Amino acid sequence: MIETKKIRRFFPAIKAGRVVSNNAASTQVPIQLLKLLEQLVIQYDNIHRGQSRSSLLTTERFESSYDTIAQFIGAPSRKNIILYRNTTEAINSVMYSLMTEFKDGDNIVTTFMEHNSNYVPWYGLTKEILPKFGINVECRLAKFNKETGQLDLNHLKSLVDKRTKLVCCVGASNFLGTKNPIKEIRAIADASGYLQPNGEKKSYLLIDGAQVVPNLFIRVEDLGVDFLAWSFHKMLAPFGVGALYAREELLNSMRPFLYGGDMIAEGKVSPEKVEYNSLPWKFTAGTPNILGTILSAQAIRLLMDFSLTPGKFSYFMADKKLEPPDVAKAMTNIENHEKELIGEALKILGEIPTVNIFGPKNPADRTSLVAFSCNCQDPFKIAEELNKLGVESRAGCHCATLAHHYYELNPPASCRLSFYIYNNLEDVRRACLAVKKCVQEENCK
Ligand SMILES: Cc1ncc(COP(=O)(O)O)c(C=O)c1O
């Protein structure tokens, strides 16, 4: 397990005594990043828009942040990384960029376990936008097994055909915790035979990696994903930056999502013709979240240090390439740590007779979150009671609205606890025993 004792002191929220157990929504920011923000303000200036030392230094820090991000997920280079505000915006950007490529009769396949971020954009495209242009595209939904929380790959396969332009799937569910088999989904998308504009014969695969990238070791090229979206506020950074990985070839041919300043080739704007900047800046219109980008890349470096050498820093603020074996080791440590935590949570919650746990029973098959309902108590009430006991949880549908309806939950809600690298077994026990207290049989009468 990760030596949490050596890293908890860096988190002001934990030092303040909070049982931070709503990490699937957002994680806590370590003191190193808060101090870094203070330092960056001394050099505060815009990027690509000035010749001052401050502007040049900020530009260098900003641009090299893309290298760190690319190295972390095994992307070939910074050209594959586009930064947006969050996962939601990253997925919407793919929807808008590909919009003009859809043909009448095409379809998109997604699943009942998606976060609304990876369903509603496709709903909007197929039900609201494309029909206005006389183009009818179907949005199909693959089922999952209600008992095991596993995606029904046979059903998914049956929905994919030679008119499936895109398969969109969550890498790990933020409600069920299920880790989806990305390589198997890739194989299904590969077999469709859909003829893409660049001559490739396969469906594109978009993975919503919001619960994957912060928790698991990911190599985008091994997985063969075409698009991967995630947010940095779920991996120690402050709010405001999300990423899209895409294959360079696709980014070269795709239309920009946002048009405006800095995404054009220098001087190449005339009334007749506009030429776009090189990658990744073609997709960076307007002043970006410069400080947030730098902090996000440094959050990755801190995550590596916290996992590999707790309390010692070799990657944070160092001008050092992220070595793949180190990334593998760091993320495998995190995965194992989370497996222990969630194993303990499943054990304690599983002993409460009135509690129903959603998702896979085996800790190895899930990320570090657990959503549950109680036969006789409203999830919102449980979350309120937990809060009174000093435990932070989240009640609601967690934006996995389709899945909550799929279970016919009324209201469509569950209560969720979720843990991250700084949580220890004591946090898990405290949170789960508090649940036990809140849902005792006498409360259910
Ligand atoms: C699986 C999944 N997808 C997408 C999102 C949306 O992330 P953001 O709010 O950063 O856009 C979340 C956040 O909870 C998530 O867990």
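Given the structure is predicted, the values throughout are model-derived calculations rather than measurements. (Residues numbered from 1 in each chain as written. Predicted model: local features only at pLDDT ≥ 70, side-chain atom pairs only at ≥ 80, totals over all residues. Heavy atoms only, no water.)

Our next topic: the side chain of Thr 284. Residue position: Thr 284 is located in the loop between β9 (274-276) and α11 (290-308). Residue classification places Thr 284 among the buried positions, given a relative accessible area of 6%. Polar side-chain contacts of Thr 284 include one of 3.2 Å to the backbone oxygen of Pro 280. (Helix = DSSP H or I, 4+ residues; strand = E, 2+ residues; numbered from the N terminus. Buried < 20%, exposed > 50% of the residue type's maximum accessible area, 1.4 Å probe, protein only. Polar contact = N/O pair within 3.5 Å; in protein donor to acceptor, adjacent residues only side chain to side chain.)

Before going further, it helps to spend a moment on the layout of surface pockets. In this structure, the largest pocket spans a volume of roughly 340 Å³. For the lining of the largest pocket, the secondary-structure elements that each account for two or more residues are α4 (53-73) and α11. In terms of residues, the lining of the largest pocket owes the most to one element, α4, which gives seven residues. Of the residues in the lining of the largest pocket, the class split is five nonpolar, five polar and seven charged. (1 Å grid on protein atoms, 1.4 Å probe; cavity = no way out; pocket = protein on both sides within 12 Å on 5 of 7 lines; lining within 4 Å. Points joined across faces, edges and corners; volume = space filled by probe spheres on them. Nonpolar A, V, L, I, M, F, W, Y, C, P; charged D, E, K, R; others polar.)

So, on to the site of the ligand. The ligand sits among 13 residues. The nearest are Thr 88, Asp 208, Ser 231, His 233 and Lys 234. Within the side chain of Lys 234, a nitrogen or oxygen atom sits 2.6 Å from an oxygen atom of the ligand. About the coverage of the ligand: the protein hides 90% of its 390 Å² of free accessible area. (Near = heavy atom within 4 Å. Areas by Shrake-Rupley, 256 points an atom, 1.4 Å probe, with all protein chains shown as cover.)

Look at α11 against helix α12 (residues 324-350): their axes get within 9 Å of each other, and the N-to-C directions meet at 70 degrees. The angle between the axes of α11 and α12 places the two elements in the roughly perpendicular class. The handedness of the crossing between α11 and α12 is left-handed. In contact with Leu 303, Met 304, Ser 307 and Leu 308 of α11, α12 contributes Asp 326, Val 327, Lys 329, Ala 330, Met 331, Asn 333 and Ile 334. Taken together, the residues of the contact of α11 with α12 sort by class into seven nonpolar, two polar and two charged. (Axes fitted to C-alpha atoms, helices over the stretch in contact; angles between N-to-C directions. Parallel < 35°, antiparallel > 145°, perpendicular 65-115°, else oblique. Left-handed = near helix turned anticlockwise from the far one by under 90°. Contact = heavy atoms within 4.5 Å.)

Attention now moves to the domain arrangement of the protein chain. If you check the domain split of the protein chain, you get domain 1 (4-28 + 324-440) and domain 2 (81-287). Of note, the centres of domain 1 and domain 2, computed from C-alpha atoms alone, are 28 Å apart. With 38 residues of domain 1 at the interface, the matching set in domain 2 holds 36 residues. At the boundary of domain 1 with domain 2, total buried surface from both sides reaches about 3,100 Å², with 56% on carbon and sulfur atoms. The salt bridge involving Lys 179 is made with Glu 335; its shortest N-O contact spans 3.1 Å. Counting only elements with at least two residues in the side of domain 1 that touches domain 2, the list comes to α12, β11 (369-374), α14 (401-406) and β13 (414-418). For the side of domain 1 that touches domain 2, the element with the most residues is α12, which contributes seven residues. Of the residues in the side of domain 1 that touches domain 2, the class split is 22 nonpolar, nine polar and seven charged. (Domains from an automatic or database assignment. Buried area = accessible area lost by both parts, 1.4 Å probe. Salt bridge = Lys/Arg side-chain N within 4 Å of Asp/Glu carboxyl O.)

What follows covers the packing of α4 against α11. Closest axis-to-axis distance for the α4/α11 pair is 9 Å, and the angle between their directions is 45 degrees. With respect to α11, the axis of α4 lies oblique. Classified by chirality, the crossing of α11 by α4 is left-handed. Of the residues in α11, those in contact with Thr 58, Arg 61, Phe 62, Ser 65, Tyr 66, Thr 68, Ile 69, Gln 71 and Phe 72 of α4 are Ile 290, Thr 293, Ile 294, Ala 297, Ile 300, Arg 301, Leu 303 and Met 304. Split into classes, the residues belonging to the contact of α4 with α11 amount to 10 nonpolar, five polar and two charged.

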